[in-house]
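# Examination of the molecular architecture
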Amino acid sequence: SHRKLLNGNLENNLIISGESISGRLWHENYNEDFFSNLKKILKIYGNPKIILGIRNQKSFIPSVYMQYLHEEGVEDFNFLFDANNEGLRKHEDFLLMPKIKFLQENFTDIFIYSQESLLNRQNDFLIALKDFLELKQGISVLNNDFSNRGIKTELQVNLLKTLNKLNLRLKKNHPWLS
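In this report, the structure presented in the accompanying data block is examined. Every chain is numbered independently, its residues counted from 1 as its sequence is written. Two thresholds apply to this predicted model, a pLDDT of at least 70 for residue-level local features and 80 or more for giving and counting side-chain atom pairs, whereas whole-chain, interface and lining totals are computed over all residues. Side-chain metrics in this entry use all non-hydrogen atoms of the structure; hydrogen atoms and water are not considered.

## Notes on the overall build of the chain
For the record, the criterion: Helix and strand definitions here come from DSSP, where helices need a minimum of 4 consecutive H or I residues and strands a minimum of 2 consecutive E residues; each element is numbered from the N-terminal end. Only protein chains enter the area calculation, which uses a 1.4 Å probe; residues under 20% of their type maximum are buried, those over 50% are exposed, and those in between are partly exposed. The method behind every accessible area is Shrake-Rupley, applied with a 1.4 Å probe, and residues are considered shielded solely by the protein chains displayed.
Within the chain, the secondary structure is distributed over eight helices and two strands. Reading the secondary structure of the chain in the N-to-C direction produces α-α-β-α-α-α-β-α-α-α. By the burial criterion, 25% of the 178 residues in the chain qualify as buried. When the accessible area of the chain is evaluated, it comes to approximately 13,500 Å², of which 53% is carbon and sulfur surface.

## Digging into the environment of valine 64
Selection criterion: Residues are treated as being in contact if the distance between any of their heavy atoms lies within 4.5 Å.
Position of valine 64 among the secondary structure elements: in helix H3 (residues 57–70). Expressed as a C-alpha distance, the spacing of valine 64 and phenylalanine 81, which sit 17 residues apart in the sequence, is 9.6 Å. Excluding anything up to four places from it in sequence, valine 64 contacts Leu25, Trp26 and Leu80.

## Some words on the pattern of salt bridges
Where charged atoms from two side chains of opposite charge approach closely, those side chains can pair. For clarity, the threshold we go by: Salt bridges are identified by distance alone: a Lys or Arg side-chain nitrogen within 4 Å of an Asp or Glu carboxyl oxygen.
Going through the model one piece at a time under the given rule, you end up with six salt bridges. Measuring nitrogen to oxygen at the nearest pair gives 3.4 Å for the salt bridge that ties arginine 24 to aspartate 33. The buried category is assigned to aspartate 33, whose relative accessible area is 9%. In this structure, glutamate 134 and lysine 49 form a salt bridge, with 2.8 Å as the shortest nitrogen-oxygen distance. Within this pair, whereas glutamate 134 is found in the loop between helix H7 (122–133) and helix H8 (154–173), its partner lysine 49 is found in the loop between helix H2 (30–45) and strand S1 (50–54), the two being separated by 85 residues in sequence.

## Points about the nonpolar core
Just so we agree on the cut-off: Note on terminology: a nonpolar core comprises buried Ala, Val, Leu, Ile, Met, Phe, Trp, Tyr and Cys residues joined through side-chain atoms within 4.5 Å.
If you look at the biggest cluster of nonpolar residues, it comprises ten residues: Phe34, Phe35, Leu38, Ile41, Ile50, Leu52, Ile100, Phe102, Leu103 and Phe107. At the level of elements, H2, S1 and helix H5 (97–106) are the ones that each hand at least two residues to this core. Here this core takes four residues from H2, the largest share from any one element. Residues in contact with leucine 38, not counting those within four places in the same chain, are Ile50, Phe102, Leu103 and Phe107. Of all hydrophobic cores here, the second largest spans eight residues; its members include Tyr30, Tyr65, Leu80 and Leu160.

## Here we look at the side chain of arginine 89
The condition that has to hold: Between N or O atoms, a polar contact is any pair within 3.5 Å; within protein, one atom must be a potential hydrogen donor and the other a potential acceptor, and residues adjacent in sequence are included only when both atoms are from side chains.
Along the chain, arginine 89 turns up in the loop between helix H4 (77–80) and H5. The exposure class of arginine 89 is buried, given its relative accessible area of 1%. Of note is the side chain of arginine 89, whose polar atom sits 3.2 Å from the backbone oxygen of histidine 27. A distance of 2.9 Å separates the side chain of arginine 89 from the side chain of aspartate 93, its partner in a polar contact. The residues touching arginine 89, leaving out its near neighbours within four places in the chain, are Leu25, Trp26, His27, Glu28, Tyr30, Leu80, Phe81 and Phe94.

## What to know about unusual backbone geometry
Located in the positive-phi region is glutamate 72, a residue other than glycine, with phi close to 75 degrees. Along the chain, glutamate 72 falls in the loop between H3 and H4. Taking the relative accessible area as the measure of exposure, glutamate 72 reaches 33% and is therefore partly exposed. A positive phi angle is found at asparagine 85, which is not glycine, with a value near 65 degrees. As for its placement among the helices and strands, asparagine 85 is situated in the loop between H4 and H5.

## Concerning H3
Residues spaced three or four apart along an α-helix face the same direction, because each turn holds 3.6 residues. Here is the rule we go by: The span expected for a helix works out to 1.5 Å for each residue beyond the first. The arc in question is the one spanned by the directions pointing from the helix axis to the C-beta atoms.
If you check H3, its first and last C-alpha atoms are 19 Å apart, about what 14 residues at 1.5 Å a residue would give, namely 20 Å. Of the residues making up H3, those classed as buried are Ile61, Val64, Tyr65, Tyr68 and Leu69. Burial along H3 is one-sided: seen end-on, the buried residues are contained in an arc of 145 degrees. Two or three places before lysine 58, at the opening of H3, asparagine 56 has a side-chain oxygen 2.7 Å from that residue's backbone nitrogen.

Right, here's the structure in full:
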């Protein structure tokens, strides 16, 4: 909250992070959210350092659908994204260059990394991030064996959709249960 900011040490780095800064995936104006949110950040914080993580669209788009299902979604994949550009998310929503260009035009210090570099070249990533943030010490990473298991099969997708539909029906018929 702003109270914590006001009581904090202003000599320390402040890191603001959140996937929703890039846009709310289920929001009608997902793509415009990115630009709107960054304009607000620019207005509030001046010219902060920006870190943007990007992901290969081939794995990102199915992952978005799996997240939709985890958040009680009940529709098929085509509801979210389809080849005819009729889904909730349009092809242009996933274009990265307009977003990168916006960042370059509005911010001085930008660090862009890919999920693949984070996973496959972690040491290089951490060194580059340390240098970007101008840290005196290295960045330590907690080792934990947890990894996102996710939804892997069509059976799991159908089961989760069925459970989500059942949940919606129960909430509708018995609102006091939610």
